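# Observations on the three-dimensional arrangement
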Amino acid sequence: MNKSDDISKKVENSLASAQHSAEKGNWAYMKCSIDDALESAKTAGLDLTLRIKKIELTYYNLAINFTLSEAEKAINSGKTDEANRYITQAENYGKYAGIDISARISELKSQRLQ
C-alpha cells in the first residue's frame, strides 16, 4: 500500500467513525472524527465538504427529532419551561442544519398554550 492509499484509508475510517457517532447522537466524537478526516484529507488535497455536510445532517436530524419529541413529552406533562427549552434547542438545530421545522414548532407551541 502506498502513502496515498494509507491517507485514503485513514480518511474513510475517520468518516465512518464520524457517521457512526452522528447516528448515535454523539456530537463530540463526530466532530473529533471529522477533524481527523479533514487533517488527513488536507495532505492529500481531498475535498470532504459534501460528505461532512451529510454526516452533520444525520446528527442534526436525530437531534431535531429527539428535542421535538422531548418538547412534546414536556408539554403533555405540563412542564412548560422544559418544553420551551427543548423547542429552542430544536429551532437552533434546524437553523444550523438549514432544515425548516417551523410548522412542527408552531404545532408544539399551540399545544403548549392549550
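These numbers were taken from a predicted model, which means no experiment stands behind them.

### A short note on the overall build of the chain
For the chain, the count of helices and strands is five helices and zero strands. Put simply, the chain runs from its N terminus to its C terminus through helices and strands in the order α-α-α-α-α. Relative to the 2.2 N^0.38 estimate, which gives 13 Å for 114 residues, the radius of gyration of the chain is 18 Å and therefore markedly larger than a compact globule would have. With respect to the principal axes defined by its C-alpha atoms, the chain has extents near 65 × 20 × 15 Å.

### As for the pattern of salt bridges
On inspection of all chains with the given rule, the structure shows seven salt bridges. Here glutamate 12 makes a salt bridge to arginine 51, at a shortest N to O gap of 2.8 Å. Here arginine 51 lies in helix α3 (residues 49-76) and glutamate 12 lies in helix α1 (residues 3-24), a separation of 39 residues in the sequence. Accessibility expressed as a relative area gives 39% for glutamate 12, which makes it partly exposed. Arginine 51 gets classed as partly exposed once you look at its relative accessible area, which sits at 39%.

### With respect to the packing of aromatic side chains
Per the counting criterion, the structure on display carries six aromatic pairs. Ring plane angle 55° and centroid distance 5.0 Å describe the contact between tryptophan 27 and tyrosine 59, whose orientation is recorded as tilted. Within this pair, whereas tryptophan 27 is found in helix α2 (residues 27-44), its partner tyrosine 59 is found in helix α3, the two being separated by 32 residues in sequence. According to the relative accessible area criterion, tryptophan 27 is partly exposed, its value standing at 32%.

### Re the nonpolar core
Residues Leu15, Met30, Leu48, Ile55 and Tyr59 are the most contacted members of the largest nonpolar core, which totals 29 residues. At the level of secondary structure, the elements contributing two or more residues to this core comprise α1, α2, α3, α4 (80-97) and α5 (102-113). Looking at this core, the element that brings in the most residues is α3, giving ten residues. Those residues within four positions of leucine 48 in sequence are excluded, and the remaining contacts are Val11, Leu15, Ala37, Leu38 and Ala41.

### Brief notes about the packing of α1 against α3
Relative orientation of the contacting elements α1 and α3 amounts to 15°, with a least axis distance of 7 Å. In terms of axis orientation, α1 runs roughly parallel to α3. Seen along the crossing, α1 lies across α3 with a hand that is left-handed. Here Glu12, Leu15, Ala18, Gln19, Ala22, Glu23 and Lys24 of α1 lie close against α3, whose contacting residues are Arg51, Ile52, Ile55, Thr58, Tyr59 and Leu62.

### Structural notes on the environment of alanine 90
Mapping alanine 90 onto the fold places it in helix α4. The spacing of alanine 90 and isoleucine 101 is eleven residues in sequence and 8.2 Å in space, taken between C-alpha atoms. The residues contacting alanine 90, other than those within four sequence positions of it, are Ile64, Thr67, Leu68, Ile101 and Ile105.

What counts, and at which threshold
Residues numbered from 1 in each chain as written. Predicted model: local features only at pLDDT ≥ 70, side-chain atom pairs only at ≥ 80, totals over all residues. Heavy atoms only, no water. Helix = DSSP H or I, 4+ residues; strand = E, 2+ residues; numbered from the N terminus. Rg over C-alpha atoms; globule rule 2.2 N^0.38 Å. Salt bridge = Lys/Arg side-chain N within 4 Å of Asp/Glu carboxyl O. Buried < 20%, exposed > 50% of the residue type's maximum accessible area, 1.4 Å probe, protein only. Phe/Tyr/Trp six-rings, centres within 6.5 Å; stacked < 30°, edge-to-face > 60°. Core = buried A, V, L, I, M, F, W, Y, C linked by side-chain atoms within 4.5 Å. Contact = heavy atoms within 4.5 Å. Axes fitted to C-alpha atoms, helices over the stretch in contact; angles between N-to-C directions. Parallel < 35°, antiparallel > 145°, perpendicular 65-115°, else oblique. Left-handed = near helix turned anticlockwise from the far one by under 90°.

None of the figures reported here should be taken as evidence of function without further support.
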